[in-house]
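Chain and residue survey
Here are the chains, one letter per residue:
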Amino acid sequence: MSLLDTLGIQHPIFLAPMAGVSTPELAAQVSNQGAFGSLGLGASTVDAARKQILHTQELTDKPFQVNFFCHESRDLNSEISQNWIALFADKFKELDAEVPTSLNRIYPSFKDNDDFLNLVLETKPKAVSFHFGIPHVHQIKALKNAGIITLVSATNLAEAKAIEAAGIDIIIAQGIEAGGHRGIFNEIFDAAIRTEDLVQLIKQNCTLPVIAAGGIMNGHQAKQFLNFGADAVQLGTAFVQCKTSSANDAYRKALFDQPLTQITASISGRPARGLINHWHKEVDTPTRPQVPPYPYTYDLGKQLHAAASQQGDSGYGAFWAGANVAQIRELEATDLINQLVLEINVD
Ligand SMILES: Cc1cc2nc3c(=O)[nH]c(=O)nc-3n(C[C@H](O)[C@H](O)[C@H](O)COP(=O)(O)O)c2cc1C
């Protein structure tokens, strides 16, 4: 059976799951147009995730995927944590905000307990994808028994091989151009492979379907990746500007006004590509102390962004975007899918 038939979709186009940007409306628009909608639920509580899935199911009877984070939960070293807080203490004071005294693990990994697994089994979306790693054996088994298709992001061949060996159904090949967090399993090792090379490398060495993700902004580029052997393409940045995303006004404006990106681990504790702002220009200096683990670092990052935003400075936002953001177009999700399909099918 072809990938499109397996997933029950018409077009080889996936909306990237985007925690903090995904909405049920955006997912449903994409799925209703014959592509594969998604919800990024990695930063949601179980109750909030349930609401989003049920709402999406009200808005579409077409298939969509949900997405969770599968990072290894790390312990927090108090010296690293205090050094990190100290680096921002003056900034918090300047903003009339309280300096954090500790860093909190603001959300768990899918692997930490079975709450999210049980939610997926209860609500039965067509597919579930994972970032930062592979779920436990018992979790994969339970999803398979329920007939739910599984996907995991790979950023190099070793990760792709591990995904295949674990019995996952589909590999998402996330190249270095991709917006948002790098899906790397080990946060201190990144092979930084271009999407184009990664797709070919995985296609040559693995048998699973491969979805190309990273730097794809239009159907001409999508077609190139399909020609390289990708079974479908996944686009994130191109959809952030859609009215139905939950991106705020400052983020939307910056996408068009300052379309330059860089990777930093300072915002969350894991490397992620976003629009260049205070983090890249002022925090990522050669003397920067060691970053605490994900998601503890994100706790401070979010507090700093909230405090600075209150004073009208949006420069500490996590404005994730891919390397080709300068090619972004202002299009509603429905029109964007139609346009992508037209461009893919042009001779
Ligand atoms: C705003 C934003 C948020 C993202 N959040 C997630 C996420 O929650 N889970 C995930 O697996 N990938 C996430 N990603 C990465 C995407 O899955 C995908 O790899 C990336 O968007 C592809 O590159 P592009 O942005 O150049 O299209 C995010 C990307 C962006 C732009």
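Quantities reported herein were computed from a predicted structural model and do not represent experimental measurements. (Residues numbered from 1 in each chain as written. Predicted model: local features only at pLDDT ≥ 70, side-chain atom pairs only at ≥ 80, totals over all residues. Heavy atoms only, no water.)

Attention now moves to the overall build of the protein chain. Broken down by element type, the protein chain carries 14 helices and 11 strands. Here the C-alpha radius of gyration of the protein chain, 19 Å, is about what a compact globule of 347 residues would show, namely 20 Å. If you line up the protein chain on its principal axes, its C-alpha atoms span 60 × 45 × 40 Å. In the protein chain, buried positions account for 54% of the 347 residues. Contacts spanning at least 24 positions in sequence make up 68% of the contacts within the protein chain whose residues lie at least 6 apart. Carbon and sulfur atoms provide 49% of the accessible area of the protein chain, an area that totals close to 14,300 Å². If the 26 positive side-chain charges of the protein chain are averaged to one point and the 36 negative ones to another, these points end up 3 Å apart. (Helix = DSSP H or I, 4+ residues; strand = E, 2+ residues; numbered from the N terminus. Rg over C-alpha atoms; globule rule 2.2 N^0.38 Å. Buried < 20%, exposed > 50% of the residue type's maximum accessible area, 1.4 Å probe, protein only. Contact = heavy atoms within 4.5 Å. Areas by Shrake-Rupley, 256 points an atom, 1.4 Å probe, with all protein chains shown as cover. Lys, Arg positive; Asp, Glu negative; His and termini not counted. Charge placed at Lys NZ, Arg CZ, Asp CG, Glu CD.)

Spanning 13 residues, helix α14 (residues 333-345) covers 18 Å between terminal C-alpha atoms, matching the ideal 18 Å at 1.5 Å per step. Every buried residue of α14 is accounted for by Ala333, Leu336, Ile337, Leu340, Val341, Glu343 and Ile344. All buried residues of α14 fall inside an arc of 165° around its axis, so they share one side. Across from the buried face of α14, at angles greater than 90 degrees, the exposed residues are Leu342 and Asn345. (Expected span 1.5 Å × (residues − 1). Arc of directions from axis to C-beta.)

Below, the discussion takes up the environment of valine 233. Within the secondary structure, valine 233 sits in strand β9 (residues 232-235). In this structure, the C-alpha to C-alpha distance between valine 233 and glutamine 221, residues 12 residues apart in sequence, is 9.6 Å.

Strand order in this open sheet of 3 strands is β7-β11-β10, and the pairing throughout is antiparallel. The open sheet has two edge strands, β7 (180-181) and β10 (261-264), and neither has a second partner. Relative to strand β11 (residues 272-275), β7 runs antiparallel, the two being bridged by 2 bridges. Note on β11: the bridge partner recorded for glycine 180 is arginine 273. (Pairing = 2+ DSSP bridges.)

All right, on to the site of the ligand then. The environment of the ligand is formed by 22 residues, the closest being Pro17, Asn67, Gly215, Gly236 and Thr237. Here an oxygen atom of the ligand and a backbone polar atom of glycine 179 are 3.3 Å apart. Interatomic distance of 2.9 Å between a backbone N/O atom of glycine 236 and an oxygen atom of the ligand. Computed on the free molecule, the ligand has an accessible area of 590 Å², of which 97% lies beneath the protein chains in the complex. Elements represented by at least two residues in the shell around the ligand include exactly β3 (64-69) and β9. Residues of the shell around the ligand, tallied by class, amount to 11 nonpolar, 11 polar and no charged. (Near = heavy atom within 4 Å. Polar contact = N/O pair within 3.5 Å; in protein donor to acceptor, adjacent residues only side chain to side chain. Nonpolar A, V, L, I, M, F, W, Y, C, P; charged D, E, K, R; others polar.)

When we look at burial in helix α5 (residues 115-123), the residues that qualify are Phe116, Leu117, Leu119, Val120 and Thr123. Viewed end-on, α5 has its buried residues packed into an arc of 160°, placing them on one side of the element. Close packing links the buried residues of α5 with α3 (46-59), β3, β4 (127-131) and α6 (137-145). Two residues or fewer after α5 comes lysine 124, characterised by a positive phi angle close to 50°.

Let us look at the sheet that holds β3. Ordered by their spatial adjacency, 8 strands build an open sheet running β1-β9-β8-β6-β5-β4-β3-β2, and the pairing between neighbours is parallel. Lying at the two open borders of the sheet, with one neighbouring strand each, are β1 (13-15) and β2 (37-40). Sheet twist, expressed as the mean angle between neighbouring strand axes with direction ignored, is 25°. Relative to strand β5 (residues 149-154), β4 runs parallel, the two sharing 4 bridges. By the bridge assignment for β5, valine 128 is matched with threonine 150. Across the face of the sheet, helix α7 (residues 157-165) comes into contact with β5 and β6 (170-174) while running at roughly 165° to β5. The sheet strands contacting helix α8 (residues 195-205) are β5, β6 and β8 (210-213), and the helix crosses β6 at an angle near 150°. (Axes fitted to C-alpha atoms, helices over the stretch in contact; angles between N-to-C directions.)

Let us look at the pairing of β3. Counting buried residues in β3 gives 6 out of 6 residues, a clear majority hidden from the surface. Here β3 shows two buried faces, one formed by Phe64, Val66 and Phe68 and the other by Gln65, Asn67 and Phe69. In this sheet, β3 lies alongside β2 in parallel orientation, the contact comprising 4 bridges. By the bridge assignment, serine 38 is partnered in β3 with glutamine 65. At this point the chain moves from β2, through α3, to the parallel β3, and the crossover so formed is right-handed. (Right-handed = clockwise from strand over helix to strand, strands pointing away.)

So, on to the environment of isoleucine 148. Within the secondary structure layout, isoleucine 148 lies in the loop between α6 and β5. Owing to a relative accessible area of 4%, isoleucine 148 belongs among the buried residues under this scheme. Separated by 21 residues in the primary sequence, isoleucine 148 and alanine 127 place their C-alpha atoms 5.2 Å from one another. Those residues in contact with isoleucine 148 that lie beyond four places of it in its chain are Val120, Leu121, Lys124, Pro125, Lys126, Ala127, Val128, Leu143 and Asp169.

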